Amino acid sequence: MSFINEIAPHAKRIYKEDGILASIIIAQAIHESNWGKSGLAQRGKNLFGIKGAYNGSSVKMPTTEFKNGNPYRVNAAFRKYPSWYESLKDLATLYNNGVSWDRNKYKKVIGETNYVHAAAAIQAAGYATDPKYAEKLIKTIEANDLTKYDKGSVDKAEDNSSIKRASVEKTPYSPKVSVYIVERGDTLSGIAKRFKTSVKALQSLNNITNPNLIHPGLELKVSGTVSKLMAKKEYYTIKAGDNLTKIAKKYSTSVQRLQSLNNIKNPNVIIAGKKIRVK
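- Under an unreviewed UniProt entry, the name given to the protein is Peptidoglycan hydrolase, and the source organism is Bacillus capparidis.

Below is the structure:
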């Protein structure tokens, strides 16, 4: 928790200045720097692996590059910051300014007050290639109660341009629509049953032509509240005579999803008395 205590005041300041949730910033810092323990974080206060120099200061670190599809190791220059704040601020600057070819790339992150939506927007913008990046941020936020750092960070009466601009613009998702990130083994029919909706409704909401073409990491808008989206995990104790097909049918899911949730390699080998996750 000491790392959180160190960076939380900076994250709250950035939320106030740039309209980016403190909980999101802290979660990204934790995830990408291994709680501030990475070599780059220790030597350069660099939490997000940003290359180059900061006010002329840099630190050389070994990294893997690719040439013609082949990996090779080089020593690259990474920005060296005087404190955690400057590293966090660089991330906020990226979200606010976007990239040279798309200045609105991270526009939906700015002013978002729901950490689930903010995490989904970051992943949708292509910040990370990890299909579970948003899910990992959400779990980090919830496991460490990071939303408490979002409270009181922004004075509602304050004339903050980024917050005012975001309040006028439409948010990416309506309050009655949540985002579900497709996991391995999911089917559209299974997701529809889970959220008490229909395949056609999901297709319409997400502009999906072929219901069979969904993939892990895909973000689906689903009817319902965030509380439903973040429902507690559910487990089932295997009984004699059970098989995964029978269990999957009982919980309106698929055998593949049960395998994925429980790291079951052989669906024909399950042990009576063992508890498995079903939702």
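**A closer look at the overall build of the protein**
Point 1. When you go through the protein residue by residue, the secondary structure sums to 12 helices and 6 strands.
Point 2. Buried positions account for 44% of the 279 residues belonging to the protein.
Point 3. Within the protein, contacts between residues separated by at least 24 positions form 62% of all contacts whose residues are at least 6 apart in sequence.
Point 4. On the protein, roughly 15600 Å² of surface is accessible, and the fraction owed to carbon and sulfur atoms is 49%.

**Structural notes on the nonpolar core**
Point 1. I24, I26, L47, L88, Y95, Y127 and L146 are the most contacted members of the largest nonpolar core, which has 44 residues in total.
Point 2. Those elements that provide at least two residues to this core are α1 (2-18), α2 (22-33), α4 (84-97), α5 (115-124) and α6 (133-143).
Point 3. Apart from residues lying up to four places away in sequence, I26 is in contact with I4, I7, A8, A11, L146 and Y149.

**Examining the side chain of N46**
Point 1. Among the structural elements, N46 can be located in the loop between α3 (39-44) and β1 (58-67).
Point 2. With residues up to four places along the chain from it excluded, the contact list for N46 reads L40, A41, F78, R79, Y81 and S87.

**Considering the confidence of the model for the protein**
Point 1. Of the residues in the protein, 84% reach a pLDDT of 70 or more, and the chain-wide mean stands at 81.
Point 2. Across the protein, the secondary-structure element scoring lowest on mean pLDDT is helix α7 (residues 161-168), at 38, and the one scoring highest is α2, at 96.
Point 3. Between residues 154-176, whose pLDDT stays under 50, and residues either more than four places distant or in other chains, the model counts 31 contacts.
Point 4. Segment residues 225-231: pLDDT under 50, and 16 contacts once partners within four positions in sequence are set aside and those in other chains are kept.

**Section: α1**
Point 1. Between its terminal C-alpha atoms α1 stretches 24 Å, which fits the 24 Å expected from 17 residues at 1.5 Å a residue.
Point 2. A bend of about 35 degrees at A8 is the largest found in α1, and the proline P9 appears one to four places after it.
Point 3. Of the positions making up α1, those classed as buried are F3, I4, I7, A8, A11, I14, Y15 and D18.
Point 4. Just beyond α1, the residue with positive phi is G19, at close to 75 degrees.

**A look at the side chain of Q203**
Point 1. Mapping Q203 onto the fold places it in helix α9 (residues 199-206).
Point 2. Exposure remark for Q203: the relative accessible area of 17% places this residue in the buried category.
Point 3. Excluding residues that lie within four positions of it along the chain, Q203 makes contacts with L188, I208, T209 and P211.

**Section: unusual backbone geometry**
Of all residues except glycine, most have a negative phi; of all peptide bonds, most are trans.
Point 1. We note that W35 has phi near 60 degrees; this positive angle belongs to a residue other than glycine.
Point 2. In this fold, W35 is placed in the loop between α2 and α3.
Point 3. On the accessibility criterion, W35 (29% relative accessible area) is partly exposed.
Point 4. Positive phi is not limited to glycine here, since N263 has a value of about 55 degrees.

**Brief notes about the packing of α1 against α2**
Point 1. Packing of α1 against α2 brings their axes to within 8 Å, and their N-to-C directions diverge by 135 degrees. Relative to α2, the element α1 lies oblique. Every pair of crossing elements has a handedness; the one defined by α1 and α2 is right-handed. Facing α1, whose interface residues are F3, I4, I7, A8, A11, K12, I14 and Y15, α2 presents A22, I25, I26, A29, I30 and S33.
Point 2. Of the residues contributing to the contact of α1 with α2, the split by class is 12 nonpolar, 1 polar and 1 charged.

**Side note on the packing of aromatic side chains**
Point 1. Inspection of every chain in the model, using the stated rule, returns 7 aromatic pairs.
Point 2. Note on Y106 and Y127: the rings are 6.4 Å apart at their centroids and 70 degrees apart in plane angle, and the pair reads as edge-to-face. Taken together, the residues span a long stretch of sequence, with Y106 in the loop between α4 and α5 and Y127 in the loop between α5 and α6 at a distance of 21 residues. The pair formed by Y106 and Y127 is uniform in burial state, with each residue classed as buried.
Point 3. Counting every residue linked through ring pairs, the aromatic cluster contains Y95, Y106, Y127 and Y133.
Point 4. Positioned above the aromatic ring of W84, the side-chain terminus of K45 is 4.2 Å from the ring centre.
Point 5. Stacked on the ring of Y106, the Lys or Arg K105 has its end atom at 5.8 Å from the ring centre.

What counts and what doesn't
Residues numbered from 1 in each chain as written. Predicted model: local features only at pLDDT ≥ 70, side-chain atom pairs only at ≥ 80, totals over all residues. Heavy atoms only, no water. Helix = DSSP H or I, 4+ residues; strand = E, 2+ residues; numbered from the N terminus. Buried < 20%, exposed > 50% of the residue type's maximum accessible area, 1.4 Å probe, protein only. Contact = heavy atoms within 4.5 Å. Areas by Shrake-Rupley, 256 points an atom, 1.4 Å probe, with all protein chains shown as cover. Core = buried A, V, L, I, M, F, W, Y, C linked by side-chain atoms within 4.5 Å. pLDDT = per-residue confidence, 0-100. Expected span 1.5 Å × (residues − 1). Bend = angle between axes of the 7 residues up to and from the residue. Axes fitted to C-alpha atoms, helices over the stretch in contact; angles between N-to-C directions. Parallel < 35°, antiparallel > 145°, perpendicular 65-115°, else oblique. Left-handed = near helix turned anticlockwise from the far one by under 90°. Nonpolar A, V, L, I, M, F, W, Y, C, P; charged D, E, K, R; others polar. Phe/Tyr/Trp six-rings, centres within 6.5 Å; stacked < 30°, edge-to-face > 60°. Lys NZ or Arg CZ within 6 Å of the ring centre and 35° of its normal.

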